[in-house]
Each structure stands twice: as C-alpha cells, then as structure tokens.
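Now for the letters of each chain:
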Amino acid sequence: MEKVRKQNLINVAMVVSSNVFTILVALFTGFILPKKLSIPDYAYYRVYLLYISYAGFFHFGIVNGIYLKYGNMDLAQIPKKIFRTYSLFMILLQAAVAAVLSIAVFAGRGAIEPDKVMAFAFVVINIPLINIKWFYSSINQFTKRFVIDSYVTYLQNALNLAMVLIVVVFRLYDFQWVLAIITICNFVCMVITMWQNKVILRGKRERLKETGIPELVRSGFFLMISEFAGIIILEIDSLFVDNLFTQTDFAMYSFAVSVIAVSFTAINTVSNLVYPYLVRVQEKKYVEYYGLMSDMLAMVSMASLLVFYAAKFIIFRWLGKFTPSLPIVAILFGTVVFRAIITLVCGNYFKVLKLIKEYTWNNIFAIVVSFLLNAAAYLLFHDYRYIAGASLLSFVIWYLVTDGIFIRHMQIPVAGCLRRYGYILAGLVVFYLLVNTDPIPGFFLYFAAVSVMSLLCFWQQIRKLLGIVKGRAA
C-alpha cells in the first residue's frame with residue numbers, strides 16, 4: 001500500500017512539475033515571438049496554430065476507443081500482438097491523411113494567399129507527427145507510466161524553448177522558419193514516444209480483422225468529438241475572426257487566445273492524470289468525489305485568473321503593440337473556470353460512467369450554442385469583443401447543462417452545487433470589477449478576495465482533500 005501511495009505521489013509530482021515547466025515555456029514563447037515577429041508573420045504563425053489544434057480529428061477516434069477499452073490495464077496486461085496491429089494501422093492511417101490533405105491544399109492554392117498556403121502546408125506535415133506521438137503518449141498515460149511520459153513533455157518544452165532562442169539569436173523572424181523548427185521538434189518527440197513503446201511496435205502482430213478496430217472507431221469517434229468540444233467552442237470565435245476580420249484583428253485576437261491557451265494546456269494534461277485513477281475508484285465514492293473535485297477545481301481555476309494580471313503587466317511593459325488585445329484577454333480568461341471543471345471533472349465522469357452517448361449530445365449542443373451565439377454577436381455588433389463575450393457565455397451554458405446531467409444521474413444534493421455556483425459568480429464579479437486596475441494592486445486585491453471566498457465556502461472540502469492526500473481517507 002505504501003509503495004502504491006509513493007508511486008502515485010511520484011506520478012502526480014512529475015505531471016505537476018512538467019506542467020509548471022509547460023506553463024513557463026508557453027509564457028516565454030507566447031511573449032517573445034509576438035515581440036520579435038511582425039504582425040503579418042505572427043498572424044500566419046497563429047493561423048498554423050489555429051488549424052493544427054484540430055489535428056486530433058484525423059485519428060478518427062481510434063485513440064479514444066483504445067483508451068476506453070484498455071484504460072484500466074497496465075503495460076503488462078495489454079495484448080501486445082493486438083497493439084502492434086494498432087500501431088501499424090495508426091501509422092498507415094496518418095500517411096493516408098497526409099496524402100489526402102496535401103492534394104486538397106494543392107488543389108485550393110489558387111484561392112488562398114501564398115503565405116496562408118504555406119501555413120496550411122505545415123499543418124498537413126505536422127498532423128501525422130502529432131497524432132502518432134499522441135497515440136503512444138496515451139498508452140503511456142493509461143498504463144500509468146506518467147514518469148516516462150513526463151520526460152517527453154519536458155523534452156518538448158525544452159525544444160520549444162530552444163526554438164525561440166534559435167529564432168531570436170539568428171534573427172529568423174519569418175514565420176516559415178518558426179514552423180520549420182516546430183516541425184523538427186514534433187518529429188523528435190514522435191520518435192521518442194515510439195521508442196518508449198517499442199514492445200508494441202516490433203514483433204508479431206494480430207490479423208487486422210481480429211483487432212476490432214471498427215468498434216474502437218465507433219466507440220471513440222464521438223468521445224473524440226466530445227473532448228474537442230472545448231477547443232471547438234473557444235476556436236469557433238477565432239475562425240470567425242480569421243475569416244471575417246482583418247489580418248491585424250486576427251493577430252490581436254489570436255494573441256489573446258494564446259494567453260488563455262497556457263491555462264488550457266495545463267488543464268488538458270492534468271485531465272489525462274485523473275482518468276486512470278478515477279476509473280479504479282469504488283463506485284460508491286463517485287458522488288463524493290464529484291462534488292469534491294468540482295469544488296477544488298473551482299478554487300484552483302479561480303486562482304489561475306491571477307495569471308491575467310501578470311499577462312497585463314507584461315503586455316504594458318513589453319508588448320505595447322498588442323495592448324488592443326487586453327479586453328479580449330480579460331473576457332476570455334473567464335472561460336478557464338468553466339473549462340477546467342468541464343474537462344477535469346465532467347469529461348472524466350462521462351467516461352468512467354460510460355455515458356458516451358450523453359457526452360456526445362451534450363457537447364454537440366454546446367458547439368451549436370457556441371456557433372449560434374458567435375454568429376449573432378457578429379451580425380449584431382461586427383466587433384470581435386462581442387464574439388469573445390459570446391464564447392464566455394457559451395462556456396457558462398455548457399457547464400450548467402453538463403453539471404445538471406450529473407446532478408440528475410447521480411442524485412447529487414443541489415445545496416453543494418449552489419454554493420459552488422455562488423462562489424464562481426462572486427469570483428468572476430470581483431475579477432471583472434478589478435480588470436481595469438493597475439496590474440500589481442489588481443493582483444493582490446484579487447488574490448486576497450479569492451482566498452477569503454475560498455476559505456469561507458470550501459474549508460471543509462479543503463480539510464477532506466488533505467485527509468485523502470495523507471491517506472486517512474479512501
């Protein structure tokens with residue numbers, strides 16, 4: 001028991017530390033590149049990042065299907081011959097995807113400006129690199145080999161840091177140089193994750209028809225769509241701005257999104273840590289842990305809004321040309337609170353309780369609401385600040401509807417949920433009241449307010465969590 005607890009602490013420590021490094025590198029990258037690149041070059045760099053975020057669609061759910069079917073197994077338990085067939089299938093699938101997308105980009109090049117064609121070309125090249133890397137990384141995660149997976153996270157961040165330094169030192173301020181270096185980094189990380197899983201890469205394979213790949217795709221495709229809902233909702237607005245506003249407007253908006261993406265990166269990675277443990281929890285603990293996790297995530301995510309004041313300080317002192325993006329940054333920071341709970345708690349509970357159909361329809365509903373609200377904001381105001389507001393409202397509606405599903409399904413007492421809703425509402429009111437204050441006093445005033453509110457609302461939950469961590473509770 002002590003050995004298991006020690007390993008769990010090591011896993012958590014590695015994930016947390018690698019995420020802290022991820023955040024630091026993302027902040028460094030997110031503020032240095034905009035400073036050095038011209039507005040047009042930064043805009044095309046952000047075009048690449050916008051569309052590469054949809055790379056996961058092109059494994060068509062097989063990774064999610066494998067995660068669902070084998071997510072409670074360790075490496076020694078998984079069927080090696082079947083997984084070798086999965087590996088080969090994934091590599092061939094990504095090669096086919098790259099070929100088809102290359103033809104599409106080549107065929108449409110006449111209707112798109114040349115620099116944007118180049119950005120799309122890098123998207124096509126990197127989709128297989130990212131998806132194959134993610135295939136093997138997901139195996140590391142659900143087999144609870146978080147330590148070796150964190151090594152790759154550290155390496156990728158170190159390579160990203162090196163990329164920025166190379167760009168600055170050699171003055172490679174053309175977006176094409178930046179994307180070329182990113183491609184090399186993705187290739188290196190893909191090869192390493194493949195090597196980490198060489199036991200399922202080389203050796204005898206099962207026949208394709210015996211592996212159940214069609215069933216994996218059917219079960220995983222809608223889960224994949226559901227997990228991408230947060231990205232879709234946040235980036236529907238970026239698609240609107242990219243296609244309906246000027247290049248400068250898109251640069252400002254996408255810079256704001258990049259600041260928010262730092263928090264989202266940490267959320268997504270920690271989510272991968274939660275599921276393998278939650279799926280092993282006794283069912284009778286599900287209701288208790290749902291409330292506890294939601295409350296803790298509400299506190300952590302409200303505290304994470306402190307990053308806004310640091311970002312504001314840096315923009316004022318370092319990136320004056322991006323000052324017009326500050327209102328967008330402020331509006332979109334509110335989405336972090338709801339995204340954290342939806343991803344870390346609700347998303348994992350949908351999977352653990354096998355509510356995949358409900359998960360899918362819930363997220364389709366959220367995507368439709370987001371699209372309609374963004375379209376309405378554009379048609380009524382023609383101002384991208386209202387599009388950002390529409391995204392925030394989409395997340396609020398999505399969270400309330402999603403939480404309602406679990407309140408009904410697990411018969412959760414409403415009183416605790418109302419306390420959490422009140423806490424989030426009060427925290428956001430304080431945040432937006434202080435949003436126009438100077439960064440340093442605003443930081444400390446918000447920190448004091450959210451600390452007091454957290455202790456008043458969740459003191460018992462904090463004590464319970466400390467008890468669980470120390471091993472006094474199951």
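Anyway, here's the lowdown on the structure attached to this text. None of these values were measured; they are calculated from a predicted model.

Parameters at a glance
Residues numbered from 1 in each chain as written. Predicted model: local features only at pLDDT ≥ 70, side-chain atom pairs only at ≥ 80, totals over all residues. Heavy atoms only, no water. Helix = DSSP H or I, 4+ residues; strand = E, 2+ residues; numbered from the N terminus. Buried < 20%, exposed > 50% of the residue type's maximum accessible area, 1.4 Å probe, protein only. Contact = heavy atoms within 4.5 Å. Areas by Shrake-Rupley, 256 points an atom, 1.4 Å probe, with all protein chains shown as cover. Phe/Tyr/Trp six-rings, centres within 6.5 Å; stacked < 30°, edge-to-face > 60°. Lys NZ or Arg CZ within 6 Å of the ring centre and 35° of its normal.

## Topic: the overall build of the protein
The number of helices and strands found in the protein is 17 helices and 0 strands. Per-residue burial for the protein yields a buried fraction of 54% across its 474 residues. In the protein, the proportion of contacts linking residues at least 24 apart, taken out of those at least 6 apart, comes to 86%. When the accessible surface of the protein is summed, it comes to about 20900 Å², and 71% of that surface belongs to carbon and sulfur atoms.

## Some points on the environment of Ala251
Relative to the helices and strands, Ala251 resides in helix α10 (residues 247-278). When its relative accessible area of 0% is taken as the criterion, Ala251 is described as buried. Considered as a pair, Ala251 and Ser38 are 213 residues apart in the sequence and their alpha carbons are 10.0 Å apart. Beyond its immediate stretch of four places on either side in the chain, Ala251 contacts Ile39, Tyr42, Ala43 and Phe322.

## So, unusual backbone geometry
Positioned with a positive phi, Phe60 is a non-glycine residue whose angle comes to about 60°. By the element assignment, Phe60 lies in the loop between α2 (39-52) and α3 (62-70). For Phe60, a relative accessible area of 32% translates into the label partly exposed. Its identity is not glycine, yet Arg171 carries a phi of approximately 55°, on the positive side. For Arg171, a relative accessible area of 63% puts it in the exposed group.

## Some words on the packing of aromatic side chains
Under the counting rule described, the total for this entry stands at 38 aromatic pairs. A centroid spacing of 5.8 Å and a plane angle of 75° characterise the contact between Phe431 and Tyr446, whose relative ring orientation is edge-to-face. Within this pair, whereas Phe431 is found in helix α16 (residues 414-433), its partner Tyr446 is found in helix α17 (residues 439-469), the two being separated by 15 residues in sequence. A single burial state applies to Phe431 and to Tyr446, both of which are buried. Feature note: the residues Tyr286, Tyr290, Tyr349, Phe350, Tyr359 and Phe406 constitute an aromatic cluster, connected by ring pairs. Against the face of Phe106 rests Arg109, its NZ or CZ located 3.9 Å from the ring centre. The ring of Trp195 has Lys198 lying over it, and the distance from NZ or CZ to the ring centre is 4.2 Å.

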